[in-house]
Amino acid sequence: MSATAALPESQIGRVWTRFRRHRLALAGAAVVALLLASALFAPVFAPQDPTLLDTALRFRAPFADWAHPLGTDELGRDTLSRLLHGGRVSLTVGLVAMVTTVATGALIGITAGFLGGWIDTLLMRFVDTMLCFPQVFLLLVVAAFVPPTLLSISLVIGLTSWMEVSRIVRAEILHLKEQDFVAAARALGASRARIMFRELLPNAAAPILVAATLKVASAVLMESYISYLGYGVQPPLASWGNMLTNAQGYFDTVPWLAILPGAAITLTVMGFNFLGDGLRDALDPRLRMDP
Amino acid sequence: MAEALLKVAGLEVHFPLRSPFLQRRIGTVRAVDGVDLEVARGETLAIVGESGCGKTTTGKAILRLIDPTGGSIRFGGQEIAQHGTAALAPFRRRMQIVFQDPYASLNPRMTVGSILAAPFEIHRIGQARDRAERVAGLLRTVGLPPEAARRYPHEFSGGQRQRIGIARALALEPELIIGDEPVSALDVSIQAQIINLMKRLQAERGLAYIMISHNLAVVSHVADRVAVMYLGRVVETAPREQLFFNAQHPYTQALLSAVPEPVPGRRRSRQVLQGDVPSPARPPKGCHFHPRCPIAQARCAEEAPASRIIAPGHAVACHMVTP
Amino acid sequence: MIGFVGWRLLQAVPLLIGVSLIGFGLMHLAPGGPLAVYTLNPTIQVQDIERIKVIFGLDQPIHVQYVKWATGMVSGHWGYTFFGGRPVLEVILERLPATLLLMGSALSVAIILGLSIGVLGAVKRYSVFDVLATTGALFALSFPTFWFGLMAIFVFAIELRWLPSGGMWELGEEGSILSLIRHLVLPTMVLALVITATWSRYSRSAFLEVMQQDFMRTARAKGEPPAARLLRHALPNAAKPLIALLGVELPFLFSGALVTETIFGWPGMGRLFVDALNMKEYPVLMGLMMFTGIFVVVGNLLADIAIAAIDPRVRLR
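What you see is a predicted model, and the numbers here were worked out from it, not measured in a lab. (Residues numbered from 1 in each chain as written. Chains lettered and ligands numbered in written order. Predicted model: local features only at pLDDT ≥ 70, side-chain atom pairs only at ≥ 80, totals over all residues. Heavy atoms only, no water.)

Draft legend 1. Inspection of the overall build of chain B at higher detail. Looking only at helices and strands, chain B features nine helices and twelve strands. Principal-axis analysis of the C-alpha atoms places the extent of chain B at approximately 70 × 60 × 45 Å. A buried classification covers 52% of the 323 residues belonging to chain B. By sequence separation, contacts in chain B at least 24 residues apart represent 62% of the contacts at least 6 residues apart. Averaging the locations of the 39 positively and 28 negatively charged side chains of chain B gives two centres separated by 3 Å. (Helix = DSSP H or I, 4+ residues; strand = E, 2+ residues; numbered from the N terminus. Buried < 20%, exposed > 50% of the residue type's maximum accessible area, 1.4 Å probe, protein only. Contact = heavy atoms within 4.5 Å. Lys, Arg positive; Asp, Glu negative; His and termini not counted. Charge placed at Lys NZ, Arg CZ, Asp CG, Glu CD.)

Draft legend 2. Seen up close, the side chain of Ser 90 of chain A. Within the secondary structure, Ser 90 of chain A is located in helix 5 (residues 79-115). Here Ser 90 of chain A is in contact with Val 220, Glu 223, Ser 239 and Trp 240 of chain A, once residues within four sequence places are set aside.

Draft legend 3. Looking closely at the sheet that holds strand 1 (residues 6-18) of chain B. Residues and elements named next belong to chain B. With antiparallel pairing, four strands are arranged side by side in an open sheet as 2-1-4-5. Edge positions in the open sheet fall to strand 2 (25-39) and strand 5 (78-79), since each of these has one partner strand only. Here strand 1 runs beside strand 4 (residues 70-75); their pairing, made up of five bridges, is antiparallel. Note that in strand 4 the partner of Ala 9 across the bridge is Ser 72. With respect to the sheet, helix 1 (residues 55-62) is in contact with strand 1, strand 2 and strand 4, its orientation differing from that of strand 1 by roughly 110°. (Pairing = 2+ DSSP bridges. Axes fitted to C-alpha atoms, helices over the stretch in contact; angles between N-to-C directions.)

Draft legend 4. Representation of the packing of helix 7 (residues 145-159) of chain C against helix 8 (residues 177-211) of chain C within the structure. All names here are of chain C. Close contact between helix 7 and helix 8 brings their axes to 10 Å; oriented N to C, the two are set at 145°. Between helix 7 and helix 8 the crossing geometry is right-handed. Mapping the contact onto sequence places Thr 145, Phe 148, Gly 149, Ala 152, Ile 153 and Phe 156 in helix 7 and Leu 186, Met 189, Val 190, Leu 193 and Val 194 in helix 8. Class assignment for the residues of the contact of helix 7 with helix 8 results in nine nonpolar, two polar and no charged. (Left-handed = near helix turned anticlockwise from the far one by under 90°. Nonpolar A, V, L, I, M, F, W, Y, C, P; charged D, E, K, R; others polar.)

Draft legend 5. Representation of the interface of chain C and chain A. Counting residues at the interface gives 49 residues for chain C, matched by 45 residues for chain A. Counting each side, the surface lost to burial between chain C and chain A is near 4,300 Å², with a carbon and sulfur contribution of 80%. Looking only at chain C, the three residues that lose the most surface to chain A are Ser 142, Phe 146 and Trp 147 of chain C, adding up to 15% of its buried area. If you look at where chain C meets chain A, you find one salt bridge. Counted by class, the side of chain C that touches chain A contains 34 nonpolar, eleven polar and four charged residues. (Buried area = accessible area lost by both parts, 1.4 Å probe. Salt bridge = Lys/Arg side-chain N within 4 Å of Asp/Glu carboxyl O.)

Draft legend 6. Representation of the packing of aromatic side chains in the model. Residue and element names in this part refer to chain C. Applying the stated criterion across every chain, the model contains 17 aromatic pairs over all chains. Aromatic side chains Phe 143 and Phe 148 sit 5.7 Å apart centroid to centroid with 90° between the ring planes, which places their arrangement in the edge-to-face category. On the accessibility criterion, Phe 143 (22% relative accessible area) is partly exposed. The exposure class of Phe 148 is buried, given its relative accessible area of 17%. With a centroid separation of 5.2 Å and an interplanar angle of 90°, the aromatic rings of Phe 254 and Phe 295 are classed as edge-to-face. (Phe/Tyr/Trp six-rings, centres within 6.5 Å; stacked < 30°, edge-to-face > 60°.)

Spelled out as structure tokens, the structure:
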């Protein structure tokens, strides 16, 4: 899924120049890089095992104790360690869900857009239908049916949020398929599959990349919703969503337990949203929306 | 004499016009409406006409990029108008196309190398290693350095891109190349280079060309024979000299009189056509040209003229022309 | 116009069929299928289940079942709750007013605020206000609704003690308008945040586009004052994409309402959904899915008709 690899060098230069002007996008990129690094090295950075219980050390306040920089929770588990490991879980779900979303959406979008006719009508009516259901409803119903594992949660999120991507890809393909390079490929006798995936798909890389970035943000958000409601990541595995659920019970006395994971979710979602917004402006001036 | 390389008879491409809501068929666009053409091996046939006359659609229908709704296309003695994808595959190697816009006809996300290797991959010709050599050979043939293979289309000028387009068309060693206005998007100084390249390739490889163009100056340089199209039909076909110096159809005459005379002082009377080209969704009855024709008679509005041979290789579809 | 409405109604039919197919499919996907409540009950024997299957027609081919089920839906027979055996539709409709009240108040706040911010941003493009507003909108869109809700409860209900933290009425004050309004403030604020952000972004770009049109320049050349230009010429033209947005955003509004209602214990459909989920009340879940799906189809239909009423060109499209 490397769009930049398909971009010639001078184009990368132009895109980078446009992207750099976007301060918030740069900040978003930095936050995303930091989050990915902290998730990747969570075992290294975490002061202790996130599941280690120490009932003697319950509800430590942040910054009070160097052994627990961000304090401890109701079971005496180290909050920083849980945040780092929870981030790992949340980001994994976010990324796997994004891949599912993009793969499904791109496949349906390119099929509908390229083949047209009744296949297009059928697929797009299916998209319209799926969009009639509130995503959280759909997500929760399906999540309640399947046993919650990291993979199943990611897949469920991915399979309930691909519709937008398929519309974006379809629109792009409809525009691209009229171009002469597609006619040239047909004149050479290229198969439909070759035209769809070798000729057309790489040309839709820019909007797909933008959508992918924004989809990580929404997938992290969705994971936190369903984990918060108890249908997502199950304890003792920490995720930001289920940390919030636990914290809600002690909300009036130890608010930081809720503030911290919430802030982590917000930061992640913002990071990916800003990054996606900046990428959109840099890669695809046509889709531009903000100053 | 053996059968011509390409023989098109009664070719029709009709597009349905549909209503916006219920997609009912409310009319027909007769983009190509009964076209007869012949191309011999090694010769160049030019199709000329104003934009919208159906010349590009004719070219694309011959290549089966657009499905014809009627008529016959015989290539190398075989009927291909009704062939499906699989049956067409061997013919794809024998007919190729060069497009008008060298910016849209090369995939911007592929290197020139992969664009030129595509024909070999699709037809499973050679191994990956010697494909690179074949690509280098193609580039040399069209006058580009082999290093061009590593670069992307946007790094080249329009003329260079058109060379790449020609290289792609040559890759499968076709017998016929259809040039859809291959030079009209280029600077005048570059046009001559590309035309000379194409003529050289024709001489070296015995290629046949169909040159689709609205530019009679270009046509006079490349064509052996010329077919003039008006509103989906061929109105006159003749060898080049015959057409330029002895045009019979009133439309051809009007078209020629609009070309600036290359020899100053030798003026022809300029005929200016009245009115606009009618829509191919509602072509006039009888001869399509009659509402604008300076010599039209009552019969022209009723009866479509058949094409008649008036001299060797010279056919005209006009009631008013007598052999 | 009548032709357009008829055409649009006709288009809604496949959508409704699609909604029903997905709803029906989900019901059969549920563990234990439509009979989950019986299979989970240890006092019921296997042969009883077989008997119930025949009674419910579950031994029949799937398309026959679908037709029976769909006919039931159309005639208002949405099944009965597992616990208490009440008609599902009745349970849902009971919760509808609370949800509509919350969604309505949040939407009104969001539209008024978002539209003002967006129009002001468009008029004073690239001003400090515009930059702050667009950046702020991007921030607001990244806020997880439930966390924002918890923070709002923490600040306004726990620390400041200005407002109640949940529910619809104080005990013993049921029906009091004043109490209702006090309880409505926080959930409205939370639900309105994201919608306001969306609306300010869309109305900004809609107005920017309209203001670049020729008729706006003509109005200016005629010497109409800025406020009149905005109201008489820009607003009707910018209204179309915004009405369309209203329809498109309906599912998001429901999603947001679900989360908001859960946090604030607001007794609406979203809360019902989460309760039904926790109690494995599949008939209620399916009913809610169908209800929201139909609601959204109808909402979009109305939005399209409203657009056609404003703009005669749409009817001819």
